[in-house]
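Examining the three-dimensional arrangement
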Amino acid sequence: MRPAPDIGEDSYDVLLEAGFERGAIDGLVKAGAVRQAKGDRALSGDIVRYSVTGDIAEIMLDRPPVNALSMDLIDALLAALSKARDDEAVRAIIIGSAHKVFCAGLDLDIVRGKPGIETKKFLERLYFALNDTQYRMGKPTIAAIDGAVRAGGMTIAISCDMIIAGDACTFGYPEIDVGLIPAIHFVQLPRLVGKHQAFGPLFLGEPFDAATVFRMGLLSEVVPKGAALERAREIARKLAAKSPIVMKIGRDAFMRAVDADFRRSVENAAESFALVATTEDCQEGLNAFVEKRTPNYRGR
């Protein structure tokens, strides 16, 4: 029986899902490194830190302890990206985390016990709006990762033009273990790494390390633990030194070349996710995860 920490049940579970050992979680709690997240704070800006230094904008996810994706967090991220896009003084953008975990995926309350139409509202923001915003940025975006990345966190990272990761990072698509599917990644991952490299990570649900992800071709660079943000800043400064109009025209052309028919495929993926979310097996998987028991799947 696990100890009762000073953080909420859901936060503890997400930390476990993100790959933390139970002893490590308890140590973080005692050290004050994590705290209970009692819903999103009043101002959406409080769950995303936005700052500009010189011509580089930094967007830090800040919904402790693991940046579980809520509608407010996605909306705050989209607002920050739009702000950076519209600021002529900003020439490069970095997305990172204010916490040890980059992002542990969606808050299960978004799906658990909800009708498919509610789930689809969230997917429209995470899948469509994020893709559209990144597509039209006109400026390079870099994900700086120095912790665990799971599920929807992978969606955010892969939406960026470059991904810089610390060598101690872990990645994964655990959705299938709670009766869900990483739908958008059925579109993204095979295009990026090929069918046979993509199938295992998507359907086994097991975490994999930074060296494996780099070998698959998903990461731009792997750097020593704790160095991802500084390396992202170095790259951002180099990109920001380029002509902004040439960068915009070139990036727009690049996005058109690599994103052909992507939106149509994502729409199909969203439909599949919403359909899965309405099945009895999906709700059983989510309930079993929350209740700490083995799911009893019945194929319906």
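Residues numbered from 1 in each chain as written. Predicted model: local features only at pLDDT ≥ 70, side-chain atom pairs only at ≥ 80, totals over all residues. Heavy atoms only, no water.

1. Digging into helix H7 (residues 195-204)
- Buried within H7 we find Ala198, Pro201 and Leu202. Around the axis of H7, the buried residues are gathered within 95° of arc, so they sit on the same side. Facing away from the buried side of H7 by over 90 degrees, the exposed positions are His196, Phe199 and Leu204.
- Packed against the buried residues of H7 are helix H6 (183-193), strand E8 (208-209) and helix H8 (210-216).
- Just downstream of H7 lies Gly205, where phi reads positive at about 75°. (Buried < 20%, exposed > 50% of the residue type's maximum accessible area, 1.4 Å probe, protein only. Helix = DSSP H or I, 4+ residues; strand = E, 2+ residues; numbered from the N terminus. Arc of directions from axis to C-beta. Contact = heavy atoms within 4.5 Å.)

2. Describing the packing of aromatic side chains
- Under the defined criterion, the tally for this structure stands at 3 aromatic pairs.
- Measuring from ring centre to ring centre gives 4.3 Å for Phe199 and Phe203, while their planes differ by 20°; the resulting arrangement is stacked. Placement of both Phe199 and Phe203 in helix H7 is noted, with a separation of 4 residues, approximately one turn of the helix.
- Using a relative accessible area of 35% as the deciding quantity, one classes Phe203 as partly exposed.
- Through a chain of ring-to-ring contacts, three or more aromatic side chains come together here, namely Phe186, Phe199 and Phe203. (Phe/Tyr/Trp six-rings, centres within 6.5 Å; stacked < 30°, edge-to-face > 60°.)

3. Some thoughts on the pairing of strand E1 (residues 48-53)
- In this sheet, strand E2 (residues 56-61) lies alongside E1 in antiparallel orientation, the contact comprising 6 bridges. Its bridge partner being in E2, Val48 is matched across the sheet by Leu61.
- Taken together, E1 and the strand that follows it, E2, pair antiparallel across an intervening segment of 2 residues, in which Gly54 is found at a positive phi of about 65°. (Pairing = 2+ DSSP bridges.)

4. Topic: helix H3 (residues 71-86)
- With 16 residues, H3 should reach 22 Å at 1.5 Å per residue; the first-to-last C-alpha distance of 22 Å fits that figure.
- If you check which residues of H3 are buried, you get Leu73, Ile74, Ala76, Leu77, Leu78, Ala80, Leu81, Ser82 and Ala84. (Expected span 1.5 Å × (residues − 1).)

5. Things to note about a nonpolar patch on the surface
- Side chains of Phe186, Phe199 and Phe203 sit close together on the surface and give an oily, nonpolar patch of about 280 Å² of accessible area.
- Secondary-structure assignment places Phe186 in helix H6. (Patch = residues over 30% accessible without salt bridge, like charges linked within 9 Å, V, L, I, M, F, W, Y side chains within 5 Å. Areas by Shrake-Rupley, 256 points an atom, 1.4 Å probe, with all protein chains shown as cover. Salt bridge = Lys/Arg side-chain N within 4 Å of Asp/Glu carboxyl O.)

6. Here we look at the side chain of Lys139
- Position of Lys139 among the secondary structure elements: in the loop between helix H4 (116-135) and strand E4 (141-145).
- Ignoring anything within four residues of it in the chain, the contact list for Lys139 reads Ala84, Arg85, Asp86, Asp87, Glu88, Val90, Arg91, Ile93, Asp161 and Arg251.

7. Thoughts on the environment of Leu229
- When you line up the elements, Leu229 lands in helix H9 (residues 228-240).
- Ignoring any residue separated from it by four or fewer positions in sequence, one finds Leu229 in contact with Glu58, Met60, Ile94, Ala144 and Asp146.

8. Section: the pattern of salt bridges
- Tallying each qualifying case throughout the model produces 11 salt bridges.
- The partner of Asp75 in a salt bridge is Arg125, with the nearest N and O atoms 2.8 Å apart. Within this pair, whereas Asp75 is found in helix H3, its partner Arg125 is found in helix H4, the two being separated by 50 residues in sequence.
- Overall, Asp75 belongs to the partly exposed group, its relative accessible area being 29%.
- When its relative accessible area of 31% is taken as the criterion, Arg125 is described as partly exposed.
- Among the salt bridges present, the one from Asp161 reaches Arg251, with a minimum N-O distance of 2.8 Å. Here Asp161 is found in the loop between helix H5 (152-159) and strand E6 (162-166), whereas its partner Arg251 is found in helix H10 (residues 244-258), with 90 residues between them in sequence.
- What makes Asp161 partly exposed here is its relative accessible area of 31%.
- The buried category is assigned to Arg251, whose relative accessible area is 5%.

9. Notes on the nonpolar core
- Leu69, Ile145 and Phe171 are the most contacted members of the largest nonpolar core, which has 62 residues in total.
- Element by element, the count of residues in this core is highest for H3, at 8 residues.
- Once residues within four sequence positions are removed from consideration, Phe171 is found in contact with Ile145, Val149, Arg150, Met154, Ala165, Glu206, Pro207, Phe208, Asp209, Ala210, Val213 and Leu219.
- Judged by nonpolar contacts, the second largest core, of 12 residues, contains Ile94, Ala232, Ala236 and Ala240. (Core = buried A, V, L, I, M, F, W, Y, C linked by side-chain atoms within 4.5 Å.)

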